[in-house]
Amino acid sequence: MTHTHMYRQQLWILLRPRSVLLLLLLLPSLLGESEELGAKVVWGPSGMNDRRTIDLDQGWEFMQKGITKLKNLLEGLPETQFISEDYIMLYTTIYNMCTQKPPHDYSQQLYDKYKESFEEYITSMVLPSLREKHDEFMLRELVQRSLPPLNEVGLTCFRDLVYKELYAKVRDAVISLIDQEREGEQIDRALLKNVLDIFVEIGMGLMDRYESDFEASLLEDTAAYYSRKASSWILEDSCPDYMLKAEECLKRERDRVSHYLHSSSEPKLLEKVQHELLSVYANQLLEKEHSGCHALLRDDKVEDLSRMFRLFSKIPRGLDPVANIFKQHVTAEGTSLVKQAEDAASNKKAEKKDVVGPQEQVFVRKVIELHDKYLAYVNDCFQNHTLFHKALKEAFEVFCNKGVGGSSSAELLATFCDNILKKGGSEKLSDEAIEETLEKVVKLLAYISDKDLFAEFYRKKLARRLLFDKSANDDHERSILTKLKQQCGGQFTSKMEGMVTDLTLARENQTSFEEYLSNNPNANPGIDLTVTVLTTGFWPSYKSFDLNLPAEMVRCVEVFKEFYQTKTKHRKLTWIYSLGTCNIIGKFEPKTMELIVTTYQASALLLFNTSERLSYSEIMNQLNLSDDDIVRLLHSLSCAKYKILNKEPNTKTILSTDHFEFNAKFTDKMRRIKIPLPPVDEKKKVIEDVDKDRRYAIDASIVRIMKSRKVLGHQQLVMECVEQLGRMFKPDFKAIKKRIEDLITRDYLERDKDNPNLFRYLA
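Conventions we followed
Residues numbered from 1 in each chain as written. Predicted model: local features only at pLDDT ≥ 70, side-chain atom pairs only at ≥ 80, totals over all residues. Heavy atoms only, no water. Helix = DSSP H or I, 4+ residues; strand = E, 2+ residues; numbered from the N terminus. Buried < 20%, exposed > 50% of the residue type's maximum accessible area, 1.4 Å probe, protein only. Areas by Shrake-Rupley, 256 points an atom, 1.4 Å probe, with all protein chains shown as cover. Expected span 1.5 Å × (residues − 1). Phe/Tyr/Trp six-rings, centres within 6.5 Å; stacked < 30°, edge-to-face > 60°. Lys NZ or Arg CZ within 6 Å of the ring centre and 35° of its normal. Polar contact = N/O pair within 3.5 Å; in protein donor to acceptor, adjacent residues only side chain to side chain. Contact = heavy atoms within 4.5 Å. Patch = residues over 30% accessible without salt bridge, like charges linked within 9 Å, V, L, I, M, F, W, Y side chains within 5 Å. Salt bridge = Lys/Arg side-chain N within 4 Å of Asp/Glu carboxyl O. Lys, Arg positive; Asp, Glu negative; His and termini not counted. Charge placed at Lys NZ, Arg CZ, Asp CG, Glu CD. Pairing = 2+ DSSP bridges. Axes fitted to C-alpha atoms, helices over the stretch in contact; angles between N-to-C directions.

A tally of regular secondary structure across the protein gives 30 helices and nine strands. Residues counted as buried form 45% of the 763 residues belonging to the protein. For the protein, the computed accessible surface area is about 40500 Å², with 51% contributed by carbon and sulfur atoms.

Our next topic: helix α11 (residues 239-259). Between the first and last C-alpha of α11 there are 30 Å, a value that for 21 residues agrees with the 30 Å anticipated at 1.5 Å per step. Where α11 is concerned, the buried positions are Cys 239, Pro 240, Tyr 242, Met 243, Ala 246, Cys 249, Leu 250, Glu 253, Arg 256 and Val 257.

Summed over the entire model, instances satisfying the criterion amount to 25 aromatic pairs. With centroids separated by 5.4 Å and ring planes inclined at 50°, the aromatic side chains of Tyr 516 and Phe 563 adopt a geometry described as tilted. With Tyr 516 in helix α23 (residues 490-519) and Phe 563 in helix α24 (residues 551-567), the pair connects residues that are 47 residues apart, well separated along the chain. Here Tyr 516 matches Phe 563 in class, with each residue buried. Through pairs of rings, three or more aromatic residues link up here, namely Phe 513, Tyr 516, Phe 560, Phe 563, Tyr 564, Trp 575 and Tyr 577. Between the NZ or CZ atom of Arg 182 and the centre of the ring of Tyr 225, over which it lies, the distance is 5.5 Å. Its guanidinium or amino end placed over the ring of Tyr 458, Arg 465 lies 5.3 Å from that ring's centre, counting from NZ or CZ.

This part takes up the side chain of Arg 307. Inspection of the secondary structure assignment puts Arg 307 in helix α15 (residues 302-312). Arg 307 gets classed as buried once you look at its relative accessible area, which sits at 7%. A distance of 2.8 Å separates a polar atom in the side chain of Arg 307 from a polar atom in the side chain of Glu 247. Every residue in contact with Arg 307, bar those within four places of it in the chain, is listed here: Met 243, Leu 244 and Glu 247.

This paragraph deals with unusual backbone geometry. The amide bond that connects Glu 648 to the next residue, Pro 649, takes the cis arrangement and shows omega of -10°. Position of Pro 649 relative to the elements: it lies in the loop between β4 (645-648) and β5 (659-662). Located in the positive-phi region is Asn 624, a residue other than glycine, with phi close to 65°. In this fold, Asn 624 is placed in the loop between α26 (616-623) and α27 (627-638).

A surface patch of negative charge is lined by Asp 431, Glu 432, Asp 474 and Asp 475. Elements represented by at least two residues in the negative patch include exactly α20 (431-445) and α22 (474-488). For Asp 431, the position within the fold is in helix α20.

Side chains Cys 582, Ile 584 and Gly 586 project from strand β1 (residues 581-587) onto a buried face, and the interleaved Thr 581, Asn 583, Ile 585 and Lys 587 project onto a face without burial. Here β1 runs beside strand β2 (residues 592-598); their pairing, made up of seven bridges, is antiparallel. Bridging across to β2, Ile 585 finds its partner in Glu 594. Counting the residues in the hairpin turn of β1 and β2 gives four residues.

The sheet built from three strands is open, its strands ordered β1-β2-β6 with mixed pairing. Both edges of this open sheet fall to β1 and β6 (672-674), since each of them pairs with a single strand only. Pairwise comparison of adjacent strand axes, ignoring direction, gives a mean angle of 25° for this sheet. As paired strands, β2 and β6 are joined by three bridges and run parallel to one another.

So, in structure tokens, the structure goes:
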């Protein structure tokens, strides 16, 4: 530490605040030249006792010369510059006069005289000079006259004598320059920065002067300026052009703050601009006929939509109308797809084709593409905002729950999956594409209210793929089940997972059966036999009629029963002949052929080994099948592509009076043919099964709720039941009411005697 620095520290301790302020203003360069002073003189506490007393008049006369010299320098009059010795003499004189023992301590008197000097200088020189100037010239004079650093005394005088008279003119001049800059003119930003610093400094540490004397008027002017601009732009410009201008204006206002306005002005200034440019004209802008939000969505204007999000996200509730228009647009697009598919289905019905076909597959594919497109909008343009996710969800829920051509969306989705996962499906995709598509289907499932209906249709189709070896890839089957489990919970997929596991166990079981046959020569079924053992609870329910099997097949069944009893004695086997297939050899006059048929068809054909001609009723009695099954069976053998049986009379419909004979002259270019048996339309049965399951689910939900609540009103019970079951299906209020009545009759609940809308749980 040098001696000069030591002296400076001692001065701060010894001098009173007022004398420090006085020194700071009169001798602004003193501290800056401390090193030069330190080289010439060394001050210390010991020298302070050896000095003579200076009286007020003598001291002030000496100071007056210094003040006059400073005024001349400030006014640019001819005067020699202060040298180090001048500074030291002035400094020492003030120091001594402020630290003399009473009654010679002249701190207060010096302070008052200094203030009078300052006021006299401002009144006689500064104010007249400022009054002569206007606009930008006045601002330059003001900056020049503000005597940095303005300390407390200087500021007080400056505020009372200069600022109060001129701040309104200064403010108006500054705002006028800002408006000129907004119109594209070049202005002196550094000048504005210096002027606005005066407004800040006048507050002496507070922002009240800046805010009330300048900022409030700036904000008012800004609002008026942009209100004028917006009123003309909204009429002249398209929505994208308007938004470009608005974004540019906001950018420039931020730029203004960074260059000359105080940082605290930024949020207030931007709020004004956003209000005038966006809030006031929000609806008008968004609903512009050829360029509004609808048009931007229609024309895929991704960049403009991103800008719209950025702008409207900054104003209160600004995104609500944008999200609403987005929802309307997506709903309209989806509903249009449904109508197209409906029209195509109507045309197909006119052609009497009543199966889910390629048109429905195209519909699901288009819905997936629509979802991909607008999900990308939500993630990119709308920055993953929850409001737009909600809008997308609500839009898709509207049209994804509409049926097409008599098929529910749940069935269409299940059929679409089946087409991808089965061998020979119309969708030829790579493994990666299949995985990606399945992922998207599961996302769509989230929008479908009847998830339980989808599950049942999917389970039926999965069963056919697994049992008839039509599944293209086991990994894909397991993959979609994993995705469904994540989306809908473990209960949703438990049966399906059981089916896949069952089939693996069935293969192992078949291997054990073959080993059993090779180890037991006496247990010979006579023909090759493959049995798939399934767990009843996992699989869809199938009709298990007691079909009268041909003798050749009865032996097979007996042998397998004996084998199965060696494995377990606690399980009962129920044979589902409707799912069986059989390969039989047909000896026709032209050539011998192999026929691939169902167990039903095989049983019917084998009857003709012992009879030349059989009537409808004889076949029905011998096979022990229902009318519907017999009609379907005989139609496939006598009226379809392959006429293995001849029918009398030779018509296309099966009647109970018909007679049938073996067609010995039948031939085909192939030696091995598959004779299809038209599947029973299971849609009605699936819906019935789902309705039955729903009744159980509603019962269980009501009992769960009442068990925990004990007493509950009707309305609340219904609402809680809907909330509990909503993940799988939307229960009908009438159905819930009906189930409540049923549970009352079964003594699970009772009505309150005084209030019939109140229920009590009966333990």
